[in-house]
Amino acid sequence: MELFLAECKKLWRRKSTKICVLLCFLYIVVFGSVLSYQWYSFGTMKDSTSIFGNNFDGFSNIRGSQAYAVKWRGALTDETLQGMVRDYQDKSETRQLQDYEMTDWTTLNTWVKTLWPEPDKPDVRHLIMLDYIDPNELVGFYERRKQAVEQFLELNGQTGQEKKF
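Definitions and limits used
- Residues numbered from 1 in each chain as written.
- Predicted model: local features only at pLDDT ≥ 70, side-chain atom pairs only at ≥ 80, totals over all residues.
- Heavy atoms only, no water.
- Helix = DSSP H or I, 4+ residues; strand = E, 2+ residues; numbered from the N terminus.
- Rg over C-alpha atoms; globule rule 2.2 N^0.38 Å.
- Buried < 20%, exposed > 50% of the residue type's maximum accessible area, 1.4 Å probe, protein only.
- Expected span 1.5 Å × (residues − 1).
- Arc of directions from axis to C-beta.
- Core = buried A, V, L, I, M, F, W, Y, C linked by side-chain atoms within 4.5 Å.
- Contact = heavy atoms within 4.5 Å.
- Phe/Tyr/Trp six-rings, centres within 6.5 Å; stacked < 30°, edge-to-face > 60°.
- Polar contact = N/O pair within 3.5 Å; in protein donor to acceptor, adjacent residues only side chain to side chain.

Draft legend 1. View of the overall build of the protein. Within the protein, the secondary structure is distributed over eight helices and zero strands. Helices (α) and strands (β) of the protein occur, in sequence order from the N terminus, as α-α-α-α-α-α-α-α. Its C-alpha radius of gyration of 26 Å places the protein more than 25% over the 15 Å reference for a compact globule of 165 residues. Principal-axis analysis of the C-alpha atoms places the extent of the protein at approximately 80 × 50 × 35 Å. Counting all 165 residues of the protein, 24% fall into the buried class.

If you want it as structure tokens, here you go:
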């Protein structure tokens, strides 16, 4: 054991050993973590049933989503929201996820379900409301948003200065 420790100390004194250990650490921890984060978080969806649901194409997916988002640049109005829903409905006709993934349909569906709960039809067998809602019904976005925020504050006991803030 003493001979082993002596050899380790001898190796560790060398500058090349320290550099190699540092490079291995950087490669495994830093680059591995960055690439894994890119894979898990930003890649296109592969399959909702797989353990790793995303493909390893995070950078290109981000660039594609940014290019698509330029189409909706500017203030969010009723017409813009209606256009987003129409665009999703057009792209999702094929029922292939890669065709409509860039539309950010999960966020869009949350907005619609939260602000327009009245057209929700439980008898319809669609998983998401965007599939069957008429985009022309989506009017009064800012009024509905203000009403939803006020209702949320009331439910959470925010009154007076807290509510005003």
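Draft legend 2. Summary view of helix 3 (residues 58–69). Between the first and last C-alpha of helix 3 there are 16 Å, a value that for 12 residues agrees with the 16 Å anticipated at 1.5 Å per step. Taken residue by residue, helix 3 has Gly58, Asn61 and Tyr68 as its buried positions. Down the axis, helix 3 shows its buried residues gathered within 85° of arc, on one side only. Exposed side chains of helix 3 directed beyond 90 degrees from the buried face belong to Phe59 and Ala67.

Draft legend 3. View of the nonpolar core. Membership of the largest hydrophobic core comes to 20 residues, with the highest contact counts inside it found for Val85, Tyr88, Leu108, Val112, Leu130 and Leu138. Once you skip the residues sitting within four places of it in the chain, leucine 130 turns out to touch Val85, Tyr88, Gln89, Trp105, Leu108, Asn109 and Val112.

Draft legend 4. Seen up close, the packing of aromatic side chains. Here the structure, examined in full by the defined rule, presents six aromatic pairs. Look at tyrosine 88 and tyrosine 100: their rings are 5.4 Å apart centre to centre, the planes differ by 90°, and that puts the pair in the edge-to-face class. Of the two residues, tyrosine 88 is situated in helix 4 (residues 78–91) and tyrosine 100 in helix 5 (residues 97–100); the sequence distance between them amounts to 12 residues. A connected cluster of aromatic rings, assembled from ring pairs, spans Trp111, Trp116, Phe141 and Tyr142.

Draft legend 5. Region of the structure containing the side chain of glutamine 82. Take glutamine 82: it is sitting in helix 4. Engagement of the side chain of glutamine 82 in a polar contact is seen with the backbone oxygen of proline 135, the distance being 3.5 Å.

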